[in-house]
Structures are given as structure tokens and as C-alpha cells.
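Residue strings, one per chain:
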Amino acid sequence: NKAAEKIFGYEAHEVLGRQVDMLLPTAEREQHAKRISEFAASRAGMTRPSKLVYGLRKDGTQFPLEASISLLETREGKLLTAILRDITERKTIENTLRFLAQNSARGGAHDFFRPLTEYLAGVLGMQFVCVVRFDASISKAVTLALYVDGTPVQTLTAGQTGVVVLDTTPVY
């Protein structure tokens with residue numbers, strides 16, 4: 001289907017008739033085969049709750065998936081169906097929240113926002129990240145942290161572009 005083509009990067013004709021293992025990282029294949037065998041031996045009508053697994057895209061990148069598996073009895077025998085959801089974005093958000101929680105206990109804004117900009121630059125793959133806080137009237141912006149080309153900096157040069165992350169919490 002089109003969603004699977006988009007998630008894995010393969011066209012349907014490239015995977016039809018081939019082992020599903022081609023869509024799994026090598027390290028996951030043995031465990032996957034074991035889980036499928038155990039599930040196939042269970043009774044029909046069963047559905048296994050969603051589970052975190054890892055997929056392998058055509059370009060070789062690994063990514064997190066949420067997998068739900070169902071077992072149906074047909075005239076031809078047992079049929080396993082899997083519903084897969086790419087949860088890369090959700091995992092990125094979870095990791096960002098975890099980072100924020102771990103670093104929020106640090107000292108002042110400088111101590112907190114500098115590693116935040118470095119982290120966001122890495123996650124977003126950006127050359128430039130700027131964290132700004134506005135005053136109560138939203139007329140004055142205070143730069144809390146800048147990150148350019150892998151280095152925390154104090155000033156920008158003309159022509160640099162990237163993502164600006166805005167904190168609209170008023171400064172009193």
C-alpha cells in the first residue's frame with residue numbers, strides 16, 4: 001500500500017513475494033522470527049497489543065515503529081496481519097521532553113538554554129537555532145541562546161538561516 005511505500009521507501013513491486021525480514025534491521029530478525037512463530041501457534045482471533053519495533057528503510061536507516069499484530073483463521077490457514085505506524089516524530093518529541101526534564105534543574109537560563117539549542121540543532125539538523133524570550137508586551141525580544149554551525153555563539157553574521165524557537169513566556 002502507499003503508506004508502507006512511504007514509510008519504508010520501497011515501491012510495492014520491490015517487496016511483494018520477498019521475506020518481511022528485509023524491512024527489519026539485522027539485529028531484530030531472529031527475535032522477530034521467534035515472536036511470529038509463537039504468535040502463529042496461538043489461537044485465531046487474537047490481537048497482540050501495540051509494541052515498539054524497529055524498521056529498516058530502503059536507504060538503510062533504522063526507525064521506530066509501533067506494531068499491532070492480529071491472527072485470523074481462514075480457509076487457507078492462519079493469516080497474520082500487522083498494522084505498522086512510523087513513530088519517529090513521537091520518539092523525537094519524547095526524547096526532547098526527556099532532555100528538557102533532565103536539564104531543567106540546572107542553574108540560570110544560560111545554563112539551560114545553551115544545551116537546549118545544541119540538542120535542537122542536532123535533532124533538527126539545522127545550522128542555526130536561536131531561543132528567544134519576549135517581554136510582557138511582546139515588543140522586546142531577549143536572546144537566550146544561539147547555536148551556529150556546531151558552536152554556541154553570542155552574535156550572528158549576515159546571511160545565516162535556520163529555525164527560531166520562540167518562548168512567548170512574558171519576562172517581568
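Residues numbered from 1 in each chain as written. Predicted model: local features only at pLDDT ≥ 70, side-chain atom pairs only at ≥ 80, totals over all residues. Heavy atoms only, no water.

Participant: Residue-level account of the overall build of the protein chain, with values.
Facilitator: A tally of helices and strands in the protein chain yields 5 helices and 7 strands. Element order for the protein chain, N to C, with α for helix and β for strand: α-α-α-β-β-β-α-α-β-β-β-β. In the protein chain, which comprises 172 residues, the proportion classed as buried is 27%. Summing over all exposed atoms, the protein chain offers an accessible surface of approximately 11400 Å²; the carbon and sulfur share of this is 55%. (Helix = DSSP H or I, 4+ residues; strand = E, 2+ residues; numbered from the N terminus. Buried < 20%, exposed > 50% of the residue type's maximum accessible area, 1.4 Å probe, protein only. Areas by Shrake-Rupley, 256 points an atom, 1.4 Å probe, with all protein chains shown as cover.)

Participant: Break down the packing of aromatic side chains for me, citing the residues and quoting the values.
Facilitator: Applying the stated criterion across every chain yields a total of 1 aromatic pair. Seen from their ring centres, Phe8 and Phe63 are 5.5 Å apart, and the 65° between their planes marks the pair as edge-to-face. Taken as a pair, Phe8 in helix α1 (residues 2-8) and Phe63 in strand β2 (residues 62-74) lie far apart in primary sequence, 55 residues in all. No difference in accessibility class separates Phe8 from Phe63, as the two residues are buried. (Phe/Tyr/Trp six-rings, centres within 6.5 Å; stacked < 30°, edge-to-face > 60°.)

Participant: Would you mind going over the confidence of the model for the protein chain in detail, with residue names and values included?
Facilitator: Residue-level pLDDT values for the protein chain average 75, and 63% of them are 70 or greater. No element of the protein chain has a lower mean pLDDT than strand β7 (residues 163-171), at 47, and none a higher one than helix α2 (residues 12-15), at 94. Scored below 50 in pLDDT, residues 155-163 makes 15 contacts in the model with residues more than four places away or belonging to other chains. With pLDDT under 50 throughout, residues 165-172 is counted as low confidence; its partners more than four residues away or in other chains account for 21 contacts. (pLDDT = per-residue confidence, 0-100. Contact = heavy atoms within 4.5 Å.)

Participant: Before we move on, can you summarise the pattern of salt bridges with the specific residues and values?
Facilitator: Counted under the stated rule, the structure contains 5 salt bridges. Note that Lys2 is salt-bridged to Glu5, the shortest N-O span being 3.6 Å. Remark: Glu5 and Lys2 occur in helix α1; sequence separation between them is 3 residues, near one turn of the helix. Note that Lys58 is salt-bridged to Glu14, the shortest N-O span being 2.6 Å. Of the two residues, Lys58 is situated in the loop between β1 (47-56) and β2 and Glu14 in helix α2; the sequence distance between them amounts to 44 residues. Judged by relative accessible area, Lys58 falls into the partly exposed class, the value being 46%. The network of salt bridges with common partners includes Glu66, Arg85 and Arg90. (Salt bridge = Lys/Arg side-chain N within 4 Å of Asp/Glu carboxyl O.)

Participant: Now, about the sheet that holds β1: what can you tell me, with residues and values included?
Facilitator: With respect to topology, 3 strands assemble into an open sheet ordered β1-β2-β3, the strand pairing being antiparallel. Two strands lie at the open edges of the sheet, namely β1 and β3 (77-86), each paired on one side alone. Across the sheet, the mean angle from the axis of one strand to that of its neighbour is 35°, orientation sign disregarded. Sheet analysis places β2 next to β3, joined by 10 bridges and oriented antiparallel. Bridged to Ser68 within β3 is Ile83. Seen against the sheet, helix α3 (residues 26-40) touches β1, β2 and β3 and runs at an angle of roughly 160° to β1. (Pairing = 2+ DSSP bridges. Axes fitted to C-alpha atoms, helices over the stretch in contact; angles between N-to-C directions.)

Participant: Tell me what's going on with the nonpolar core, and back it up with residues and numbers.
Facilitator: Counting 9 residues, the largest nonpolar core consists of Ile7, Phe8, Tyr10, Met22, Leu23, Val53, Phe63, Leu65 and Ala67. Elements that contribute at least two residues to this core include exactly α1 and β2. Examining the composition of this core, we find that 3 residues originate from one element, β2, more than from any other. Those residues within four positions of Leu65 in sequence are excluded, and the remaining contacts are Ile7, Phe8, Lys51, Leu52, Val53, Tyr54, Gly55, Leu84, Arg85, Asp86 and Ile87. Judged by nonpolar contacts, the second largest core, of 5 residues, contains Leu116, Leu120, Ala121 and Val129. (Core = buried A, V, L, I, M, F, W, Y, C linked by side-chain atoms within 4.5 Å.)

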